[in-house]
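Listed below are the residues making up each chain.
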Amino acid sequence: MAAPTIAIIGGGPCGLTLARLLECKGIDYVVYERDESENSNRVGGSLDIHPETGQHALREGGLFDEFKKYARYDDTVFALADKLGERLLQLGQGRDAPEIDRSDLRQILLDAIPKDKIKWGHALTSATAGEDNRPVLQFANGVVLSGFKLVVGADGAWSKVRPMITQATPQYSGKSFLESKIGHENPLYETTASKAGAGISLSIDSGKLIVTQRQGDGSYRNYFGLQVPEDFFRNGTVDLQDVEATRRLLLTDFYADWSEEYKDLIRHATDLRAWPLYTLSTEDMDWKSVPGLTLVGDAAHLSITNGEGVNLAMTDSLKLASKIAEHGTENFDQAVQEYEADMFPRGIATINKGKVMANVMFSEDPQASLQLMNSWEAAE
Ligand SMILES: Cc1cc2nc3c(=O)[nH]c(=O)nc-3n(C[C@H](O)[C@H](O)[C@H](O)COP(=O)(O)OP(=O)(O)OC[C@H]3O[C@@H](n4cnc5c(N)ncnc54)[C@H](O)[C@@H]3O)c2cc1C
């Protein structure tokens, strides 16, 4: 059987957006995703979707009405406080950047793509150049595929497609999030709901932070931001399975001088998960175009989380799909070159923004963060 015209590696928000846009344009593609099935347990919290980027891609894919069924316009509010709980700033009311749970966004996109266009249980292990210099794809399940006119790496931070284009690998930022959950059944739920309410509360002080964010089901996720070594949560010092010990460590070694309302979030933290924050460097964004291959989303321009990642990823898909449609399926190389010329500056900008955001979020002084946030608000 002939290979599909386009192979999309990865069925995250970026890969699925590209799939949906190609579907709308009648261009042949298949998505190869490492998850075993549509119902595989997905992680990840809430994402704000911006008008000119993520929303634009959803509109072009004919999915905006579906999106609005899940979009939470009342969760755009953002509050900043210090470690004593002193509120310094509140903004974001009425902002056109509604929140949606990652799982809901994924489901909207999956429902808009024929089921036979996604090959589940296909974890790419390597992409190498074949005799004709075009990519040969090796999957963990033993499948080997080639003959695509275009391979698109949408396989996120640790892309297995990327090495064909650049030797760049993600660099640890020195900063990690420890995620935890306050569900409806949690004894602290009512207190958290009445204190945090809608949207996001961010508390910054002494080079650390705590983020509390309401999710689509009304539960809360907390992210404890720490400046720790890359292997801190893996080297045996901290065993996240031992929830009590992890809570003790946070209380004594990191948040001892924070107010009781924050310590309560630690005392009731469940479902712990570490998110070391990685970034590519801007020097990595200078790859030469490789025939038959390109990258989109985090695979192309992974940055420290800065509130834009998913939006830019979906924009990449929108721009690439448009270029493919413009040049036709016989001239992918031109489409890819033009897409990449447009994408590189955006990639560099988001990597730089990630670094700035990291300095703001992990600031020693909450007043410095406040000044920066106020200047951004004034510039909008
Ligand atoms: C803690 C945290 C909070 C964040 N918060 C926000 C936020 O509020 N707003 C925002 O815009 N962005 C946020 N981001 C960033 C955002 O999650 C990413 O930028 C976005 O998910 C990128 O989409 P993607 O599809 O390129 O990659 P991913 O979402 O990583 O998707 C990649 C897909 O490829 C699959 N895959 C991976 N490897 C392989 C393989 N070898 N073979 C086959 N399939 C593979 C994965 O299973 C996945 O489905 C956050 C990131 C983190 C870590």
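The protein is annotated in an unreviewed UniProt entry as FAD-binding domain-containing protein from Cudoniella acicularis.

## Digging into the sheet that holds strand β7 (residues 118–119)
Across the sheet, which stays open at both edges, the five strands sit in the order β7-β2-β1-β11-β17 with parallel pairing between neighbours. The open sheet terminates on both sides in strands that have one partner only, identified here as β7 and β17 (293–295). Here strand β11 (residues 150–153) runs beside β17; their pairing, made up of three bridges, is parallel. Paired with Val 151 across the strands is Leu 293, a residue of β17. Packing of helix α1 (residues 13–25) onto the sheet brings it into contact with β1 (6–9), β2 (29–32), β7 and β11, and relative to β1 it is tilted by some 155°. Sitting on the sheet, helix α10 (residues 332–361) touches β1, β11 and β17, and the angle it makes with β17 is about 25°.

## Some thoughts on the side chain of Ser 180
Inspection of the secondary structure assignment puts Ser 180 in strand β12 (residues 171–182). The class of Ser 180 is buried, set by a relative accessible area of 0%. Leaving out residues up to four positions away in the same chain, Ser 180 has contacts with Tyr 220, Arg 221, Asn 222, Phe 224, Ala 269, Thr 270, Asp 271 and Leu 272.

## Describing the domain arrangement of the protein
In terms of domains, the protein is made up of domain 1 (6–51 + 102–168 + 280–358) and domain 2 (171–279). Taking only C-alpha atoms, the centre of domain 1 and the centre of domain 2 are 30 Å apart. Contacts between the two partners involve 13 residues from domain 1, matched on the other side by 13 residues from domain 2. Buried area between domain 1 and domain 2, both sides added, is near 1,000 Å², and the carbon and sulfur share of it is 65%. Inspection of the domain 1/domain 2 interface yields zero salt bridges. Joining domain 1 to domain 2, the criterion identifies two residue pairs in polar contact (both at pLDDT 80 or more). Its residues assigned to classes, the side of domain 1 that touches domain 2 comprises seven nonpolar, six polar and no charged.

Rules and cut-offs
Residues numbered from 1 in each chain as written. Predicted model: local features only at pLDDT ≥ 70, side-chain atom pairs only at ≥ 80, totals over all residues. Heavy atoms only, no water. Pairing = 2+ DSSP bridges. Helix = DSSP H or I, 4+ residues; strand = E, 2+ residues; numbered from the N terminus. Contact = heavy atoms within 4.5 Å. Axes fitted to C-alpha atoms, helices over the stretch in contact; angles between N-to-C directions. Buried < 20%, exposed > 50% of the residue type's maximum accessible area, 1.4 Å probe, protein only. Domains from an automatic or database assignment. Buried area = accessible area lost by both parts, 1.4 Å probe. Salt bridge = Lys/Arg side-chain N within 4 Å of Asp/Glu carboxyl O. Polar contact = N/O pair within 3.5 Å; in protein donor to acceptor, adjacent residues only side chain to side chain. Nonpolar A, V, L, I, M, F, W, Y, C, P; charged D, E, K, R; others polar.

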